[in-house]
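# Descriptive structure summary
Residue-level listing of the chains:
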Amino acid sequence: MLVPASSILVGSFQDSAGKFTFLNFAHLFAPNILDSYSITIQVSATTALLGGVLGFLIAYAITLGGLPKPLRSFMSTFSGVASNFAGVPLAFAFIATLGRMGLLTVLLRTVFGINLYDQGFNLYSFWGLSLTYTYFQIPLMVLIIEPALDGMKKEWREASENLGASPLQYWLRVGIPVLLPSLLAAFILLFGNAFGAYATAYSLTGGFINLVPILIGAQIRGNVLHDQSLGYALAFGMVIVMAVSIVVYTWLQRLSSRWVKQ
Amino acid sequence: MAFLELHEVVKSFGRNTVVRGLSLNVDKGEFVSLLGGSGCGKTTTLRMIAGFETPTDGSILVGGKDVSRVPPNRRNLGMVFQNYALFPNMSVRRNIGFGLRIAGKHGAEVERRVDEMLELIHMEEFAQRYPHQLSGGQQQRVALARAIAIQPQALLLDEPLSALDAKIRVRLRDDIRAIQQKLGITTIYVTHDQEEALSISDRVAVMREGLIEQIGAPFEIYNRPATPYVAAFIGTQNLLGATVIDPAAGIVSVEGQSLEAGHPLDAKVGEELRLRVRPEALSLGRSGPNRLGGRVASQKLLGSIVRLVVRVGDTEVFMDGFNDPLLKLPAVGEAVTLSFSPEACTFAEPGAEPIAAAALEDEEETP
């Protein structure tokens, strides 16, 4: 873990001739690069939130929601597979389903007369990309929040009802506070998961949306415009974003879990 | 009219009927235990009173009002769970104050009431602790305080001591009873532990297969079991095969030795009956009118009690005596005479219960 991280650190302070420089970092503040950080963080945060909420609801349904047992093991297995389904196959699956000539797009247009792309939908846009990401974000959330939901004792809820609380009051005062540390951890994990995703975005949008990993890819893949040192600096910038989010997370975690067994 | 009434309450889960038309009246301020083995429906009955289960049939009245369909958060009943169920994210103080805050009570009022409760359970110095920093016994005290802080109409306890050590169990048991009597709160206590039920209740309801088999004061339950099941379930019984010799005079023969029942028997000469006598009703020597001779098979030390197992013919008979350090117990193999009063005998039809099985199983607890 340390070796690649330190090679990024060293590389980001070198120019193409290997001499020490701050120029790479200066380049990071170019508008198009700042934009790409901003869009990457937006995609990551949006999909982490979306995947987090939907994944939580599914996990709730299969753990505490009283669904039949076989459905739960099916969902867990499916989540295990789907959370790892990313990259070119996922991008292709979405293009084949929701692309301009995708199955669903055509079906909606011919059978129901609804033209998705006329309605403003575009798979190769910010929201299209975010939608594609949620395909692996939701099942990942299901997998990581399931154990936490299993830890919620039925008696907490009963005790709170017995003391006069409504279901909403139970969730506000007991359920969510108890789950908060796990929810924060899950959110950071989903954020990081989307933040580093490369293949899905690249094969879906072909670089149409300038995510940081795609930008890095462009720098190191050796086409005409490449600048390996800038690639290092870009990667270092990502490390910083992740480091900051982990620091914030740790701080929130400490606030929200004073009561947890140390 | 009773304060808490259950009328012909039935509860089925699918095709499985757990409670089969149970009726129970509990007076205000009374402490009633529901006692029975696992699967007898005692916990389901309590959960129906609390409102966590809805009766399939019948009705539940609290203070004259039918609450059968009232959701649990509007019944104002305090419940204590086996696993404490304290909210892990709240300090002791906030746990106890939870119900009051939900009820919209003001800060100062909540604090005052919480202080009262902390004093009641002697845990003033633990107010700021979190549940995981407390022992099981302490957690259950807090759970008790949390349940009574809201001044509930009745207190419901679901095996509250089952998860605790034997020593703490006895102490907390006495504390629960003391607090209950101090506050005069109507209490339903579910347990599988007969000693627990007998020691703290005003009345004990022995349950079996979704019905109350017998309900009465602890002494009545122990000394005058109404059914063979209760007789076998409560305490230890010696079961001896007895042949009727003279029904009018109440004379029977056990292993060829003649005994007096103390009352006429409703049976024919030569009929086989089952004679029940408790181990603590027997004593060594020839003091009582009824005597059985046998040989000591073994000795068991049960703490404060010593149990002699005496072989009388083909039957093993238990005799319990206090564990007096000065006591000189007969050695294994020694011939002894056991005696007991005619009043200590009760009779049952043969086949009502397996010989000696009830006596042997008694010491085990149902899980």
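Placed above this text is the structure.
Computed from a predicted structure; not experimentally measured.

Turning to the sheet that holds strand 8 (residues 186-191) of chain B, a few remarks are in order. Residues and elements named next belong to chain B. Spatial ordering of the open sheet is given by 6-7-8-3-9-10, a layout of six strands whose pairing is mixed. One side of each edge strand has no neighbouring strand; the edge strands of this open sheet are strand 6 (77-80) and strand 10 (211-216). Shown here is a sheet whose adjacent strand axes are inclined to one another by a mean of 20°, direction ignored. Alignment of strand 7 (residues 154-158) against strand 8, held across five bridges, turns out to be parallel. Considered in strand 8, the bridge of Ala154 is made with Thr186. Packed onto the sheet, helix 4 (residues 136-149) meets strand 6 and strand 7 and runs at close to 170° relative to strand 6. Across the sheet, helix 5 (residues 166-183) is in contact with strand 3 (31-35), strand 7 and strand 8; its angle to strand 3 comes to roughly 140°.

Residues and elements named next belong to chain B. Scanning all chains against the criterion turns up 17 salt bridges over all chains. Glu195 serves as the salt-bridge partner of Arg173, at 3.5 Å between the closest nitrogen and oxygen. Separated by 22 residues along the polypeptide, Arg173 in helix 5 and Glu195 in helix 6 (residues 194-200) bring together distant segments of the chain. Overall, the relative accessible area of 10% leaves Arg173 in the buried class. The closest approach of N and O atoms between Arg177 and Asp202, which form a salt bridge, is 2.8 Å. Within this pair, whereas Arg177 is found in helix 5, its partner Asp202 is found in the loop between helix 6 and strand 9 (203-208), the two being separated by 25 residues in sequence. Asp202 gets classed as partly exposed once you look at its relative accessible area, which sits at 30%. Through salt bridges with shared partners, one network takes in Arg93, Arg101, Glu111 and Asp115.

Calculation rules
- Residues numbered from 1 in each chain as written.
- Chains lettered and ligands numbered in written order.
- Predicted model: local features only at pLDDT ≥ 70, side-chain atom pairs only at ≥ 80, totals over all residues.
- Heavy atoms only, no water.
- Pairing = 2+ DSSP bridges.
- Helix = DSSP H or I, 4+ residues; strand = E, 2+ residues; numbered from the N terminus.
- Axes fitted to C-alpha atoms, helices over the stretch in contact; angles between N-to-C directions.
- Contact = heavy atoms within 4.5 Å.
- Salt bridge = Lys/Arg side-chain N within 4 Å of Asp/Glu carboxyl O.
- Buried < 20%, exposed > 50% of the residue type's maximum accessible area, 1.4 Å probe, protein only.

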